[in-house]
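Survey of secondary and tertiary structure
Next come the chains, spelled out residue by residue.
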Amino acid sequence: MKKLLLDIYYVWVNELKVVFKDPAVILLFFIVPLAYPVLYSFIYNNETVHNVKAIVVDDSNSALSREFKRKVDATADVKIIGYATDMEEAKEAMRRKEAYGIYYIPSDFSQKINTGQQTQVDIFADMSSLLFYKALLLSATEVSLDMGANIRVSETGGESRKEDDIIMQPVENEWIPFYNIQNGFASFLIPAILILILQQTLILGISTIVGTHNDKKRFTIASHTAAGKNVGALKLTIGKAFCYSSLYMLIAVWVLRIIPYIFKLPQIGDPITIAVFLMPFLLAATFFSMTLSYFSSQREFAMLLFVFTSVIFVFISGISWPWTAIPAPLKAIAYIIPSTPGIHGFVKINTMGSTLIDVWPEYIALWIQAAIYCTTATFMYKWWIQNYDPEYKGLNRPISK
């Protein structure tokens, strides 16, 4: 048992030397996790937009259309900056970025309302930001509902103000947002991005280390003890994994605790519960990264092979698209990636205040992933040893440097 621990310790220490001697690995393991969360949080820090500039094309030019324009302009989210004679003029204003949306009111707007028919207002939004679309649409919807209620009262008005209120709003409702009280973009997206940053930088950093060894057709000194004897694939895997995950335990404090505090993101979870949940996530992500690094035959291949997967992992995680709307086959694929249960569990604990029991399925899934990917990583390292040391016969053979 003592020899086992000593061998793992030697691998751990020597792998730390490998990490801190490689500028590219330092960049991926430390600089990127420190800088990227700040960048993403800063970009989405303004969670909602107000006074989105819009232009109106009013072909109706009636009292009702003017009322619609006036009420939309009075909302907090939209500011009417002018009026265009036709759609081409309005589109030109959008191309010049003078406006980010167009309201088109048809010529029969007032006529249809006065004859009891349904009319419509077309909304054109600059989709460079979904927040523009959200502001334009919600403002128009609120005004339409309000005008519709007033029209019903004028047509079927009651004998008292109370009866008019009932006609305007038969069912009284109140909007109460849970967990994301600002109803903002950053509060729901950034926690998922933070978990993904931890996983993706692990993948890139470990793959860079492996690619470097493959480039030079040699094995790192961490593959053998001070006595020159090979430690074996399993102890090598565990020692390296402990090196990477121990570093990321410290990095996770910055990424998952300090960044949300600085940018005032929802953070109501118990820190101890988060720490306990992160243990299997970091191990699963580390072993997953070590397994994927098998495909990094050259130092630069990590950037080509794995950077693009970040977008895919976000989409199939069930954060940017509702988890219930994702097809079962994609859910199955998503759950072989540590970031999926990691994101679900972290968001539930950190943003919604869940306990460890509430995220038990995700917690168990991460431990299962850690065990499976530990096995695959061990086989990968065993192949690696045999491939780069043709004279390798057993655990007592020295490894070629």
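Higher on the page you've got the structure.
Structure report, in brief. Just so you know, these numbers come straight off a predicted model, no measurement behind them.

Some thoughts on the overall build of the protein
- Regarding its fold elements, the protein presents 15 helices and four strands.
- Here the protein, with 401 residues, has 46% of them falling under the buried criterion.
- Taking the intrachain contacts of the protein between residues at least 6 apart in sequence as the baseline, contacts between residues at least 24 apart amount to 77%.
- Counting only carbon and sulfur atoms, one obtains 64% of the accessible surface of the protein, whose full area is about 21,100 Å².

Quick word on the packing of helix H2 (residues 23-43) against helix H9 (residues 233-262)
- At a closest axis distance of 10 Å, the pairing of H2 and H9 adopts a crossing angle of 15°. One way to sum up the angle between H2 and H9 is to call them roughly parallel. Viewed along their axes, H2 and H9 form a crossing whose handedness is right-handed. Touching Leu28, Phe29, Phe30, Pro33, Leu34, Pro37, Val38 and Ser41 of H2 are Tyr244, Leu247, Tyr248, Ile251, Trp254, Val255 and Ile259, all from H9.
- Residue composition of the contact of H2 with H9, by class: 14 nonpolar, one polar and no charged.

Notes on the pairing of strand E1 (residues 52-58)
- Burial of E1 is extensive: six of the seven residues sit out of reach of the surface.
- Alignment of E1 against strand E2 (residues 78-84), held across six bridges, turns out to be parallel. In the sheet register, Ile55 faces E2, and the bridge partner there is Gly82.
- Assessed by its sense of winding, the connection that carries the chain from E1 through helix H3 (residues 63-74) to E2 is right-handed.
- Sheet topology places E1 next to strand E3 (residues 101-105); five bridges connect them, and they run parallel. Each bridged residue has a counterpart across the sheet, and for Val56 the counterpart in E3 is Tyr103.

Details of the environment of Ile195
- Inspection of the secondary structure assignment puts Ile195 in helix H8 (residues 185-216).
- Taking C-alpha positions, Ile195 is 7.7 Å from Leu256, a pair spaced 61 residues apart along the chain.

Comments concerning a negative patch on the surface
- On the surface, a cluster of negative charge is contributed by Asp59, Asp86, Glu88 and Glu89.
- The topology assignment puts Glu88 in helix H4 (residues 87-95).

Points about helix H10 (residues 271-292)
- Look at H10: 30 Å from first C-alpha to last across 22 residues, which is about the 32 Å you get at 1.5 Å a residue.
- A maximum bend of about 30° is found in H10 at Leu278, where proline Pro280 lies one to four positions downstream.
- Burial runs high along H10: 17 of the 22 residues are buried.

Let's talk about the nonpolar core
- The biggest cluster of nonpolar side chains holds 74 residues, and the ones touching the most others in it are Val19, Phe29, Tyr244 and Leu256.
- Among the elements that line this core, the one with the most residues is H8, at 16 residues.
- The contacts of Val19, once residues within four sequence positions are left out, are Val25, Ile26, Phe29, Phe30, Ile209, Cys243, Tyr244 and Leu247.
- By size, the runner-up hydrophobic cluster in this structure holds 18 residues, among which are Val56, Leu64, Val78 and Ile113.

What about the pattern of salt bridges?
- Counting across every chain of the model gives eleven salt bridges.
- For Lys240, the salt bridge goes to Glu15, with nearest N and O atoms at 2.7 Å. Taken together, the positions of Lys240 in helix H9 and Glu15 in helix H1 (residues 2-21) put the pair 225 residues apart, joining distant regions of the chain.
- Note on Lys240: relative accessible area 1%, which makes it buried.
- Accessibility expressed as a relative area gives 0% for Glu15, which makes it buried.

Here's the deal with unusual backbone geometry
- With phi around 55°, Asn51 is a residue other than glycine that occupies positive phi space.
- Take Asn51: it is sitting in the loop between H2 and E1.
- Judged by relative accessible area, Asn51 falls into the partly exposed class, the value being 46%.

Section: the sheet that holds E1
- Taken together, the four strands give an open sheet; going across it, the order is E2-E1-E3-E4, and neighbouring strands pair in mixed fashion. Of all strands in the sheet, those with a lone pairing partner are E2 and strand E4 (122-125), marking the two edges. Neighbour-to-neighbour, the strand axes of the sheet open up by a mean angle of 25°, direction not taken into account.
- Packed onto the sheet, H3 meets E1, E2 and E3 and runs at close to 140° relative to E2.
- Along the sheet, H4 makes contact with E1, E2, E3 and E4, crossing E3 at roughly 165°.

Basis of the calculations
- Residues numbered from 1 in each chain as written.
- Predicted model: local features only at pLDDT ≥ 70, side-chain atom pairs only at ≥ 80, totals over all residues.
- Heavy atoms only, no water.
- Helix = DSSP H or I, 4+ residues; strand = E, 2+ residues; numbered from the N terminus.
- Buried < 20%, exposed > 50% of the residue type's maximum accessible area, 1.4 Å probe, protein only.
- Contact = heavy atoms within 4.5 Å.
- Areas by Shrake-Rupley, 256 points an atom, 1.4 Å probe, with all protein chains shown as cover.
- Axes fitted to C-alpha atoms, helices over the stretch in contact; angles between N-to-C directions.
- Parallel < 35°, antiparallel > 145°, perpendicular 65-115°, else oblique.
- Left-handed = near helix turned anticlockwise from the far one by under 90°.
- Nonpolar A, V, L, I, M, F, W, Y, C, P; charged D, E, K, R; others polar.
- Pairing = 2+ DSSP bridges.
- Right-handed = clockwise from strand over helix to strand, strands pointing away.
- Patch = residues over 30% accessible without salt bridge, like charges linked within 9 Å, V, L, I, M, F, W, Y side chains within 5 Å.
- Salt bridge = Lys/Arg side-chain N within 4 Å of Asp/Glu carboxyl O.
- Lys, Arg positive; Asp, Glu negative; His and termini not counted.
- Charge placed at Lys NZ, Arg CZ, Asp CG, Glu CD.
- Expected span 1.5 Å × (residues − 1).
- Bend = angle between axes of the 7 residues up to and from the residue.
- Core = buried A, V, L, I, M, F, W, Y, C linked by side-chain atoms within 4.5 Å.

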